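# Reading the structure
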Amino acid sequence: MTDNDPHTRLDPLYSDPQATATAWSEAEALLAEAELFWISTVRPDGRPHVTPLPGVWADGALHFCTGPEERKAKNLAGNPQVVLTTGSNSWNKGYDLVVEGEAVRVADEDRLRELAAAWEAKYGSFWHFEVRDGAFHHGGGPAFVFSVAPRTVFGFGKGEPFSQTRWRFE
């Protein structure tokens with residue numbers, strides 16, 4: 001296990017007897033390929049807020065962007081703890097991932113340019129962003145960019161064999 005490798009554990013309670021833990025490298029590939037994520041944040045009054053968004057996996061973290069006046073940005077200002085999920089909506093096939101961590105704003109413009117290029121490479125020219133004033137800029141105005149380095153990730157293998165793998169990061 002290197003410094004960046006998580007502690008990996010197959011949960012036998014929720015896994016078929018013949019299941020094995022999924023390698024972190026496989027989970028990372030799925031995170032990099034996923035086109036849509038669902039983000040869960042907490043409103044100031046404690047109610048949950050969930051919404052879909054695109055995301056980019058880069059350098060060991062999941063990245064997303066949001067306008068500063070959007071509900072998720074307002075929620076993050078008060079509580080940066082998030083859950084991001086991706087996968088398929090089928091019961092008997094596919095693989096689902098749940099990423100838990102803290103959303104940290106990215107304002108370094110060199111890093112934002114790297115991420116803007118990653119967005120466009122992944123999603124095409126519709127997602128072309130200009131970088132200035134510590135934010136992405138697109139037709140709708142500025143967007144803050146956040147990075148979520150995972151604290152814990154859960155993976156759910158569906159179909160034969162069903163499995164649940166947990167990765168914990170130091």
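These numbers come from a predicted model, not from an experiment.

This paragraph deals with the packing of aromatic side chains. Summed over all chains, the structure comprises 11 aromatic pairs. On the basis of an interplanar angle of 80° and a centroid distance of 5.5 Å, the ring pair of Phe 126 and Trp 127 is categorised as edge-to-face. Overall, the relative accessible area of 59% leaves Phe 126 in the exposed class. Trp 127 gets classed as partly exposed once you look at its relative accessible area, which sits at 23%. Members of the aromatic cluster, each reached through a chain of ring pairs, are Trp 119, Tyr 123, Phe 126, Trp 127, Phe 129 and Phe 136. Here Arg 105 stacks its cationic end above the ring of Phe 144, 3.6 Å away from the centre of that ring.

To continue, consider the pairing of strand E11 (residues 163-168). Of all 6 residues in E11, 5 are buried, a share of seventy percent or more. Sheet topology places strand E1 (residues 7-10) next to E11; 4 bridges connect them, and they run antiparallel. Residue pairing in the sheet places Leu 10 in a bridge with Thr 165 of E11. Relative to E11, strand E10 (residues 141-157) runs antiparallel, the two being bridged by 6 bridges. By the bridge assignment, Val 153 is partnered in E11 with Trp 167. Between E10 and E11, which pair antiparallel and follow one another directly, the connecting turn spans 5 residues, one of which, Gly 159, has a positive phi of 95°.

Parameters at a glance
Residues numbered from 1 in each chain as written. Predicted model: local features only at pLDDT ≥ 70, side-chain atom pairs only at ≥ 80, totals over all residues. Heavy atoms only, no water. Phe/Tyr/Trp six-rings, centres within 6.5 Å; stacked < 30°, edge-to-face > 60°. Buried < 20%, exposed > 50% of the residue type's maximum accessible area, 1.4 Å probe, protein only. Lys NZ or Arg CZ within 6 Å of the ring centre and 35° of its normal. Helix = DSSP H or I, 4+ residues; strand = E, 2+ residues; numbered from the N terminus. Pairing = 2+ DSSP bridges.

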